Amino acid sequence: SNLHTPMYIFLMMLSLIDISSTSNIMIKMLYMLHTQHKTISFLACITQMYIYSSLTCTDFFLLGAMAYDRYVAICQPLHYFILMSRTHCCLFIITTWILGFLMPLGHIHFISKFYYCTSHIIDHFFCDVTPIMKLSCSDSYVVELLTYIEGTLLLFPDFLLILTSYILIISNIVKIKSTEGQRKAFSTCTSHLTCVAMFYGTVLCLYVRPTSNYSPKQDKFFAILNVIVIPMLNPLIYSLKNQEVKT
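Just so we're clear, the structure is a prediction, and the values are computed from it rather than from any experiment. (Residues numbered from 1 in each chain as written. Predicted model: local features only at pLDDT ≥ 70, side-chain atom pairs only at ≥ 80, totals over all residues. Heavy atoms only, no water.)

1. A short note on the state of the cysteines
Operational definition: Any cysteine sulfur atom paired with another within 2.5 Å is treated as part of a disulfide. For helices the rule is a DSSP run of H or I covering at least 4 residues; for strands it is a run of E covering at least 2, with both sets numbered from the N terminus onward. Summary of the burial criterion: residues with accessible area below 20% of their type's maximum are buried, those above 50% are exposed, and those between are partly exposed, where the area comes from a 1.4 Å probe applied to protein chains only.
Applying the stated criterion across every chain, the model contains 2 disulfides. Here Cys45 engages in a disulfide with Cys127; their sulfurs sit 2.1 Å apart. Note on the Cys45 and Cys127 pair: the S-S dihedral is about -120 degrees, so by sign convention the disulfide is left-handed. One end of the pair, Cys45, is in helix H2 (residues 42–75); the other, Cys127, is in the loop between helix H5 (105–113) and helix H6 (129–135), and 82 residues separate them in sequence. When its relative accessible area of 2% is taken as the criterion, Cys127 is described as buried. In this model Cys117 forms its disulfide with Cys137; the gap between the sulfur atoms is 2.1 Å. Of this pair, Cys117 sits in the loop between H5 and H6 while Cys137 sits in the loop between H6 and helix H7 (141–175); the two residues are 20 residues apart in sequence, bridging distant segments of the chain. Cysteine pairing in the protein chain follows 1-3, 2-4, where each cysteine in a disulfide is numbered by its order in the sequence.

Shown next, in the form of structure tokens:
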């Protein structure tokens, strides 16, 4: 019952996203490796792409909500249980899931309407947006434009929320006079900041570039980090550095 707080509810959601995102890709990939039957139907491919894209977007918004939660806990501690009440926490979670699953609909719609007149061999271990677009002989300008518009209108403000939260958090921590108080305040943020840095780093390397600069080898490397390594590290980062979880 000590863990029934917004921070741990958000962590539960993060775990759910990590498990769902990895399962969406790895189960099919392991089946292909086991049976050597390396084909996927177009509908299954589009579905896998949509689920992966939606969960990635949800992860973005959830990390923003978690940053705001840490800001309130450190900078507005007396108002924490008002600003981050169970109702507000549920609204944050519902909003992140709705926005996350609405965002990729435009991409999926246009990609599903593309003409694929060249090779049907995907140079990747799952159906991702860029490798599928490279197979198409249709103009991908609309999808690329949509990516930058959505990134500017939704994901960039989310990044600004995280950045602003941590600027305010650090400025408040510096004002704490006791070293022990500073250490405790920093310890509540380092886990989240580590996850944000890893997640944003891999996603920016994967998607924030024109398709003309696409490199299959580099793309697969960052995809492995994003799909397998980061979801595996997240529980370790949050558990090993968290005294409440240890207790």
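Picking up where we left off.
2. Side note on the confidence of the model for the protein chain
For residues with low pLDDT, the predicted coordinates do not support detailed interpretation. Heads up, the rule is: Residue-level confidence of the predictor is summarised by pLDDT, bounded by 0 at the bottom and 100 at the top.
Predicted confidence across the protein chain gives a mean pLDDT of 89, with 98% of residues reaching 70 or more. Per-element averaging of pLDDT across the protein chain places helix H10 (residues 243–246) at the bottom with 77 and helix H4 (residues 86–102) at the top with 95.

3. Some thoughts on H4
Short version of the rule: Helix span is expected to be 1.5 Å times the residue number reduced by one. In this context, the arc is that of the directions from the helix axis out to the C-beta atoms. Whether two residues are in contact is decided by their heavy atoms, any of which lying within 4.5 Å being enough.
Here H4 contains 17 residues, and its C-alpha end-to-end distance of 24 Å stays within 8% of the 24 Å for a straight helix at 1.5 Å per residue. Looking at H4, one finds that the buried residues are Cys89, Ile93, Thr96 and Gly100. The arc that holds every buried residue of H4, seen down its axis, measures 60 degrees, which confines them to one face. Away from the buried face of H4 by more than 90 degrees, exposed residues Thr87 and Leu102 are located. On its buried face, H4 sits against helix H1 (6–35) and H2.

4. Comments concerning the packing of aromatic side chains
Where we set the bar: Any pair of Phe, Tyr and Trp rings, taking the six-membered ring for Trp, is counted once the centres come within 6.5 Å. Such a pair is stacked with planes under 30 degrees apart, edge-to-face with planes over 60 apart, and tilted for the rest.
One pass over the structure, following the stated rule, counts 14 aromatic pairs. Between Trp97 and Phe101, the ring centres sit 5.9 Å apart and the planes meet at 20 degrees, which makes this aromatic pair stacked. Within this pair, Trp97 and its partner Phe101 are both found in helix H4, separated by 4 residues, close to a single helical turn. Ring centres 6.3 Å apart and planes at 85 degrees place the aromatic pair Phe199 and Tyr200 in the edge-to-face group. On the basis of relative accessibility, which here comes to 5%, the residue Phe199 falls in the buried class. Taken together through their ring pairs, the aromatic side chains of Phe10, Tyr68, Tyr71 and Phe92 make up a single cluster.

5. Points about unusual backbone geometry
One non-glycine residue, Gln36, adopts positive backbone phi at about 60 degrees. Within the secondary structure layout, Gln36 lies in the loop between H1 and H2. Given the relative accessible area of 52%, Gln36 is considered exposed.

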